[in-house]
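# Structural overview
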Amino acid sequence: MDYQNLIEKAKKLEALFPKVFDLFEQEIQQLKNDQHLDSASSLSAACEKINQDGRLLNIGIVGRVKAGKSSLLNALFFDGQNILPKAATPMTAALTTLTYGEKFSASVEFFTAEDLRQITHNASIYAGELSRIKEKKFQEISARPATSSSPDIERLTTIIDKQALQEIQTRMPEVCASHDQYERMQKSGLTPADLQYAGAIEPENREALSVQLLDYVGANGKYMPYTKVVHISMPLDALKDICVIDTPGMNDPVQSREARTVDLLKTCDVVFIVSPAGQFLNENDLEVIGRITAKEGVQELVLIASQIDTQLYGSEKRPLLNQTLDNIKASLAKRASATLSNLKRSYPEIGTVFDSIIRAPAEHLMHCSGVAQGISCRLETPSSWDANELKTWENLTEDYGDYFSRHNPQLTQNSLASLANIDNIHQKIAAVRDKKDGIMAQKMQSLITQKEQVITRFIEELLQKIRQRITLINSTDLGALAKQSNALVKQRNVLDKRINLIYENCVNHYYNEVSAKLNIEADKLFQQTSQSVEDQRTTETISITRDKAGAFSWVARKLWDGGKETTSKTQTLINTAAAEESLRKFIRMSNEKLKTAANEQHSGLEKEISKNITPKIDEILEGECDVMMIADVILSVVNQIPKEKLTLNINFPDGLRAKGTLKGDPADDYIDEADNFITNIRTIIDNDIEHYFSRVKNTIPPTISSSFVEELDNKINQIANQVENSTQTIDRLQRFTVQLQEVQP
């Protein structure tokens, strides 16, 4: 069954119900609640959501600055032309999304007022901290024993400036990035007011788009210092049903953009981790890929060894081009497995994200060469080649003349294609698309099967109730019903006392249980998250070289760069992307588990009331009323008890959002804030449980007997009316039965 048939079946059911509402409305509503029968509109929305989730294939591009991300995208979608500008530094690397559109266009998001405040604040921290480091180093030197010769103040100042800069860049990379961004803003001469009418680009073609984008993301772009995110749309068939997310490099000076980058990567079905083949998976790469966290569904991770053309020479060279490529990839695969294994040991909080690459690196490793793709697409027009392409062609023809020659265009094109590898990367994307389509089809089928079973059970139980009602009408006379009504009136006072007493005991038991169960569940959750944050804490040992005190050491430094000593220092490290995901997962889990526990307790209350009150009513009425009728009325009354929702009001603090891998003091500060947040979470959970409990007490009615007596009296009168018009009633119910059976053949 497809989802349209399921929705059509739900619509037919909804159209049938009003025909018998005067006879059977209470029973229908009761069954809808019990079976959790969805409306046709909610079913349609659920199916449409799966379709929408499955329609767009999200492709993430991750890599350090100058890793070749833009070259890869230009090769994949623009025949190797430099349409997307290349970032010169981390500051010029905006978060970029690339999607299909009916025309060429781009919209730019600039930094918000809060972003600018954060950049300015961090820049002031940079200035103060750099000054403090310099002062400390001057004091250390001043405290050393004097020498016979006067110190070279200018040279000393240069050395201290250099050492201070190295120290602050190592200890506080995000603050340094903010300082750099702030300096660029100041030099631009722009103010936020100048951005009011900028940011919308509607070029005639992709070449014009490339030129206009330089204003926003080019190294010397007019608006580059204020550019946060760029959304590009193009009428290219290759982009249909695709969203490419090109992420900025590490040490993003703007926390909100870093956080959005991490969030967007969670939605990606395939993530290309781009790293230059010549410096494959170095420390900077590991910083960047720390943003990748696990997601549900499809998540294919692919290592892209970019700029492969630069590695075809030297020790890697073999007689045949394909042998050289195979040799390079084998070496890179071995490095990938070792590097990611070490990463997992150092940062266990990353979980199983990279396990598939560690187990079979060759299956997840691909190479590419954007410059080879560019040459291939313009092989007949070498005058259009840039300097890099000209040099690459010179090297290829010199070292691999048997594969690259103007006299054999077909062989040359095949050889360039093997270097560029773009067709294989497109095939990988297509394979992920097929895999995602399969998973979404399974998800849709699972939903259809589940909802079809609900409809089937609903119809079966409704048919059973109709048969019971017809039997009741045929077996009951008006005199018996009048007797039941009289018994109800006669025993009203007894019913009030007995039923309310049982109900009160059930409710009090529920109050005790719900409070205890929710607090027990909260204790478990709190213990788990405290441990999960502690698991994020890792350390590394670093070496620090500094000048030794004393005249001999000073002479040694002057003569042979000696007079220094190296000490070791252990510092804390934390992958904040993984830490944030761990904390957010805890919040989601807390909401789900506590909500489930609250719902279970409410369902338990309903069952307890029904189980204890039904036989007591039958006993009080001395068997005068039909037991099934009593049970139905009790269920109806119990279902009218309001259900309060337990929702945790936990706001995630900005200070704990992803900001790359932190080391030293910033890492310790992050962990301290996380510990404080967890402590606050426990207080918030306790308060939310208390507020929920108060709402429950205010909404649960203090007594139930009046509602029961009224409902039962109405039920007796309804049955009496149906018995009085038995022929017509049974005929309508039988026709309704036939119509229900037609909905569920």
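Residues numbered from 1 in each chain as written. Predicted model: local features only at pLDDT ≥ 70, side-chain atom pairs only at ≥ 80, totals over all residues. Heavy atoms only, no water.

## Points about the overall build of the protein chain
Condition: Per the convention used, a helix needs a DSSP run of H or I reaching at least four residues, while a strand needs a run of E reaching at least two, with both numbered from the N terminus. The rule is simple: take the accessible area with a 1.4 Å probe, protein chains only, and divide by the maximum for that residue type; under 20% is buried, over 50% is exposed, in between is partly exposed. By definition, residues are in contact when any of their heavy atoms lie within 4.5 Å. Only the protein chains shown count as cover for residues, and the accessible areas themselves come from Shrake-Rupley with a 1.4 Å probe.
Of the regular secondary structure elements, the protein chain holds 24 helices and 12 strands. Counting only residues that meet the buried cut, the protein chain has 49% of its 745 residues in that class. Here the contacts in the protein chain between residues at least 6 apart in sequence split such that 83% fall between residues at least 24 apart. A total of about 36,100 Å² of accessible surface is found on the protein chain, and carbon and sulfur atoms cover 48% of it.

## Observations regarding the environment of P203
Here P203 shows up in the loop between β4 (200-201) and α8 (206-217). Take P203: its relative accessible area is 9%, and that puts it in the buried class. Residues P203 and A106 lie 97 residues apart in sequence; the distance between their C-alpha atoms is 8.7 Å. Setting aside anything within four residues of it in sequence, one finds P203 in contact with F104, S105, A208, L209 and Q212.

## Description of the pattern of salt bridges
Definition in use: A side-chain nitrogen of Lys or Arg and a carboxyl oxygen of Asp or Glu constitute a salt bridge if their distance falls within 4 Å.
Enumeration according to the criterion identifies 26 salt bridges in this entry. R378 is paired through a salt bridge with E389; the nearest N and O atoms lie 2.5 Å apart. Residue R378 is located in the loop between α13 (370-377) and α14 (387-399), and its partner E389 is located in helix α14; the two are separated by 11 residues in the primary sequence. Across the pair, exposure class does not vary: R378 and E389 are buried alike. Connected through shared salt-bridge partners, E27, R469 and K715 make up one network.

## Some points on the pairing of strand β3 (residues 105-110)
Condition: Any two strands with at least two DSSP bridges between them are considered paired.
With 6 bridges joining them, β3 and strand β5 (residues 227-234) adopt antiparallel strand pairing. Within the sheet, the bridge partner assigned to S105 lies in β5 and is S233.

## Considering a negative patch on the surface
Test applied: A patch consists of residues whose relative accessible area exceeds 30% and which take part in no salt bridge; residues with like charges are grouped when within 9 Å of each other, and nonpolar side chains (Val, Leu, Ile, Met, Phe, Trp, Tyr) when within 5 Å. Lys and Arg are tallied as positive, Asp and Glu as negative. Neither His nor the chain termini are counted. Where a charge lies is defined by one atom per residue type, namely NZ (Lys), CZ (Arg), CG (Asp) and CD (Glu).
A surface patch of like charges, here negative, comprises D669, D672, E673 and D675. Relative to the helices and strands, D672 is located in helix α22 (residues 665-699). For D672, a relative accessible area of 43% translates into the label partly exposed.

## Some points on helix α24 (residues 726-743)
Residues spaced three or four apart along an α-helix point in a common direction, a consequence of the helix completing one turn every 3.6 residues. To keep it simple, the criterion reads: Expected span, for any helix, means 1.5 Å times one less than how many residues it has.
The terminal C-alpha atoms of α24, which comprises 18 residues, lie 26 Å apart, in line with the 26 Å expected from a rise of 1.5 Å per residue. Looking at the buried positions of α24, the neighbouring elements they touch are α1 (3-16), α2 (21-35), α16 (422-475) and α23 (705-724).

## Some thoughts on the sheet that holds β3
The strands making up a sheet associate through backbone hydrogen bonding, with each pair oriented either parallel or antiparallel. Within the open sheet, the 9 strands sit side by side as β4-β3-β5-β2-β6-β1-β7-β8-β9. Their pairing is mixed. In the strand order of this sheet, the two ends are held by β4 and β9 (365-367), each with one partner. When strand β2 (residues 95-100) meets β5, the two strands line up parallel, connected through 6 bridges. Counterpart to Y100 in the pairing with β5 is M234.

## Looking at the packing of α1 against helix α3 (residues 40-55)
Inclusion rule: Note on geometry: axes are C-alpha line fits, over the in-contact stretch for helices, and angles between N-to-C directions span 0 to 180 degrees. Oblique is the label for any angle not under 35 degrees, not over 145, and not in the 65 to 115 range, which are roughly parallel, roughly antiparallel and roughly perpendicular in turn. Crossing handedness follows the turn of the near helix against the far one: under a right angle anticlockwise gives a left-handed crossing, and clockwise gives a right-handed one. Just so you know the grouping, Ala, Val, Leu, Ile, Met, Phe, Trp, Tyr, Cys and Pro go in nonpolar, Asp, Glu, Lys and Arg go in charged, and all remaining residues, Gly too, go in polar.
Following both chains from N to C, one finds α1 and α3 inclined at 170°, their axes separated by 9 Å at the closest point. Viewed along their axes, α1 and α3 adopt a mutual orientation that is roughly antiparallel. In the crossing of α1 with α3, the sense of the turn from one axis to the other is left-handed. Of the residues in α3, those touching α1 at Y3, L6, I7, A10, K11 and E14 are A40, L43, S44, C47, E48 and N51. By residue class, the composition of the contact of α1 with α3 is 7 nonpolar, 2 polar and 3 charged.

## Some remarks on the side chain of S610
Structurally, S610 can be placed in helix α20 (residues 576-620). In contact with S610, not counting residues within four places along its chain, are P615, I634 and L635.

## Concerning unusual backbone geometry
At D241, a position not held by glycine, the phi torsion is positive, near 60°. Relative to the elements of secondary structure, D241 occurs in the loop between β5 and β6 (242-246). Positive phi, close to 65°, is recorded for N421, a residue that is not glycine. Here N421 is to be found in the loop between α15 (409-420) and α16.

## Concerning the packing of α20 against helix α21 (residues 627-639)
Running from amino to carboxyl end, α20 crosses α21 at an angle of 145°, the nearest separation of the two axes being 10 Å. Judged by the sense of rotation from one axis to the other, the crossing of α20 with α21 is right-handed. Side by side, α20 and α21 meet where E606, I609, S610, I613, T614, I617 and D618 of the first sit next to V627, I630, A631, I634, L635, V638 and N639 of the second. Residue composition of the contact of α20 with α21, grouped by class: 9 nonpolar, 3 polar and 2 charged.

## Observations regarding the packing of aromatic side chains
Selection criterion: Any two rings among Phe, Tyr and Trp, with Trp reduced to its six-membered ring, count as a pair given centres within 6.5 Å; such a pair is stacked if its planes are under 30 degrees apart, edge-to-face if over 60, and tilted if neither. A ring is scored as having a charge over it whenever the NZ atom of a lysine or the CZ atom of an arginine sits within 6 Å of its centre and within 35 degrees of its normal.
For the structure shown, the criterion picks out 11 aromatic pairs. A ring pair is formed by Y510 and Y511, whose centres lie 6.0 Å apart and whose planes are at 45°; its orientation type is tilted. The burial state of Y510 is the same as that of Y511; both residues are buried. Among the aromatic residues, those joined into a cluster by ring pairs are F110, Y216 and Y223. A cation sits over an aromatic face here: K317 above Y400, 5.2 Å from the ring centre.

## Focus: the environment of N424
If you trace the backbone, N424 turns up in helix α16. According to the relative accessible area criterion, N424 is partly exposed, its value standing at 37%. Spatially, the C-alpha atom of N424 lies 9.5 Å from that of C368, the residues being 56 residues apart in sequence.

## Remarks on the confidence of the model for the protein chain
As a reminder, the rule being used: Looking at any residue, its pLDDT shows the predictor's confidence there, from 0 to 100.
Residues at a pLDDT of 70 or more form 88% of the protein chain, whose mean pLDDT is 82. Contacts from residues 88-92, a stretch scored under 50 in pLDDT, to residues over four places away or in other chains number 19 contacts.

## Considering α8
Basically, it comes down to this: Of all possible arcs, the one meant is that of the directions from the helix axis to the C-beta atoms.
Under the 1.5 Å per step criterion, the end-to-end length of α8 is 16 Å for 12 residues, consistent within 8% with the ideal 16 Å. Buried residues of α8: R206, L209, S210, L213, Y216 and V217, and no others. Buried residues of α8, viewed axially, fall in a sector of 110°; they line one side. Looking at the buried residues of α8, the elements they touch are α4 (69-77), β3, β4 and β5.

## A closer look at the side chain of Q30
By the element assignment, Q30 lies in helix α2. With near-sequence residues (within four places) excluded, Q30 lies in contact with L635, S636 and N639.

## Section: the environment of V638
Structurally, the position occupied by V638 is in helix α21. With 29 residues separating them along the chain, V638 and I609 place their C-alpha atoms 7.6 Å apart. Those residues in contact with V638 that lie beyond four places of it in its chain are E606, I609 and I704.

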